[in-house]
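Spelled out, the chains give:
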Amino acid sequence: MRIYQAETYQAMSRRAANIISAQVIYKPDCVLGLATGGTPVGTYQQLVEWFQKGDLSFAEVRSVNLDEYLGLSPHHEQSYRYFMQTNLFDHIDIKPENTHVLNGLAKDPAVECAAYNKLIRDLGGIDLQLLGMGRNGHIAFNEPGDDFGLETHLVSLTENTIEANARFFASRDEVPRHALSMGIKNIMNARRILIVVNGEEKAEAVYQAFCGPVTKQVPASVLQLHPNVTLVGDKAALHKLAEAGETVCG
Ligand code: GLP
């Protein structure tokens, strides 16, 4: 695993965007696994800037997103489809038909999840999967205790995650209690993984995930078993790793 520590959120975002950009330049028709949340917003802003300058094109890129809230329409401002449109897709040249986000209004979640697994396989698998991390170590919406063998599935969100994500909604009551999410198996099948973390509130989860044992109680800890993981974070999120003696590049 490579660990890059950046001085600021902006520098962290630029480093993460660099890695994504390199993937797109190396393989223009690559499959990018994309993530939502506050953490990757700066990464997407940097990619948009490079696209606008003419340095980068997403014309042949295909994308699959990690997850979506169950019950939210794609037009709901807190849906992850809306997030992706407003933070990235609307500002770059990716073809709309090449962007894929789970349908939060699917009548039958099991059918939607099975179709998503097939879609990922039909695309040839994910070349680079971008991840954030929840404060409890969750990745996508794979919560503590979820089985590592799961593919895309229906999830009941934990109180911790509902609490953490309430900041995006008018009130805590409006946060959906369920979501559709790629499983750990889909994520681990990606050829490369890029995980971004910032802020002191993530420091303990980062430490547990990368210095602790691999355990279902800390979903991100499974990444220790992946052969190609890059962790990019700011000092606040990475300081416990550095104190534990992990080799951190500047
Ligand atoms: C949500 C998403 C995750 C994301 C996490 C952390 O739960 N499903 O994919 O990593 O939030 O979000 P943030 O970056 O806002 O801390």
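Just above sits the structure.
Because the structure is predicted, anything quoted here is derived from the model rather than measured.

J.: Is there a simple way to think about the overall build of the chain in this case?
T.: Scanning the chain from N- to C-terminus turns up eight helices and 10 strands. Against the globule reference of 18 Å for 250 residues, the chain gives a C-alpha radius of gyration of 17 Å, in line with a compact fold. By principal-axis analysis of the C-alpha atoms, the chain measures approximately 50 × 45 × 35 Å. By residue count, 53% of the 250 residues in the chain fall in the buried class. Within the chain, counting contacts between residues at least 6 apart in sequence, those at least 24 apart form 80% of the total. A total of about 10,800 Å² of accessible surface is found on the chain, and carbon and sulfur atoms cover 50% of it.

J.: Which parts of the structure should I look at to understand the pattern of salt bridges?
T.: Note on pairing: side chains with opposite charge can pair once their charged atoms come close. With the rule as written, the count across this model stands at 10 salt bridges. Two residues, Arg121 and Glu151, come together in a salt bridge whose shortest N-O distance is 3.1 Å. Taken together, the residues span a long stretch of sequence, with Arg121 in helix α4 (residues 109-122) and Glu151 in the loop between β6 (128-131) and β7 (153-156) at a distance of 30 residues. In this structure, the salt-bridge partner of Arg172 is Glu159, at a minimum N-O distance of 2.5 Å. You can see Arg172 sitting in the loop between α5 (159-165) and β8 (178-181) and its partner Glu159 sitting in helix α5, a full 13 residues away along the chain.

J.: What should I look at first to understand the site of the ligand in this one?
T.: Residues in contact with the ligand amount to 14 residues; listed here are only the nearest, Gly38, Thr39, Asp67, Arg167 and Lys202. Measuring from an oxygen atom of the ligand, one finds a side-chain N or O atom of Arg167 at 2.6 Å. Lys202 is positioned such that a nitrogen or oxygen atom in its side chain is 2.6 Å from an oxygen atom of the ligand. When isolated, the ligand has an accessible area of 390 Å², and the protein chains bury 96% of it. The class makeup of the residues in the shell around the ligand is four nonpolar, seven polar and three charged.

J.: What is the right way to read the packing of aromatic side chains from this model?
T.: Summed over all chains, the structure comprises five aromatic pairs. For the pair Tyr69 and Phe169, a centre-to-centre distance of 5.7 Å together with 80° between the ring planes defines the contact as edge-to-face. Here Tyr69, found in strand β4 (residues 67-69), pairs with Phe169, found in the loop between α5 and β8; they are 100 residues apart in sequence, far enough to count as distant. Relative to Phe141, the ring of Tyr80 has its centre 6.0 Å away and its plane inclined at 15°; by these criteria the two rings are stacked. Here Tyr80, found in helix α3 (residues 80-87), pairs with Phe141, found in the loop between β6 and β7; they are 61 residues apart in sequence, far enough to count as distant. Classification of Tyr80 by relative accessible area gives buried; the value is 10%. Ring pairs connect the aromatic residues Tyr69, Tyr80, Phe141 and Phe169, which therefore count as one cluster. Directly above the aromatic system of Tyr4 lies the positively charged group of Arg15, at a separation of 4.2 Å from the ring centroid.

J.: Can you walk me through the sheet that holds strand β9 (residues 192-197) in this structure?
T.: Sheets are built from strands that pair by backbone hydrogen bonding, the pairs being arranged parallel or antiparallel. Ordered by their spatial adjacency, seven strands build an open sheet running β1-β10-β9-β6-β2-β3-β5, and the pairing between neighbours is parallel. The open sheet is flanked by β1 (2-6) and β5 (99-100), the only strands paired with a single partner. Strand direction decides the pairing type here: β6 and β9, joined by four bridges, are parallel. Across the sheet, residue Leu128 finds its bridge partner in β9, namely Arg192.

Criteria and cut-off values
- Residues numbered from 1 in each chain as written.
- Predicted model: local features only at pLDDT ≥ 70, side-chain atom pairs only at ≥ 80, totals over all residues.
- Heavy atoms only, no water.
- Helix = DSSP H or I, 4+ residues; strand = E, 2+ residues; numbered from the N terminus.
- Rg over C-alpha atoms; globule rule 2.2 N^0.38 Å.
- Buried < 20%, exposed > 50% of the residue type's maximum accessible area, 1.4 Å probe, protein only.
- Contact = heavy atoms within 4.5 Å.
- Areas by Shrake-Rupley, 256 points an atom, 1.4 Å probe, with all protein chains shown as cover.
- Salt bridge = Lys/Arg side-chain N within 4 Å of Asp/Glu carboxyl O.
- Near = heavy atom within 4 Å.
- Polar contact = N/O pair within 3.5 Å; in protein donor to acceptor, adjacent residues only side chain to side chain.
- Nonpolar A, V, L, I, M, F, W, Y, C, P; charged D, E, K, R; others polar.
- Phe/Tyr/Trp six-rings, centres within 6.5 Å; stacked < 30°, edge-to-face > 60°.
- Lys NZ or Arg CZ within 6 Å of the ring centre and 35° of its normal.
- Pairing = 2+ DSSP bridges.

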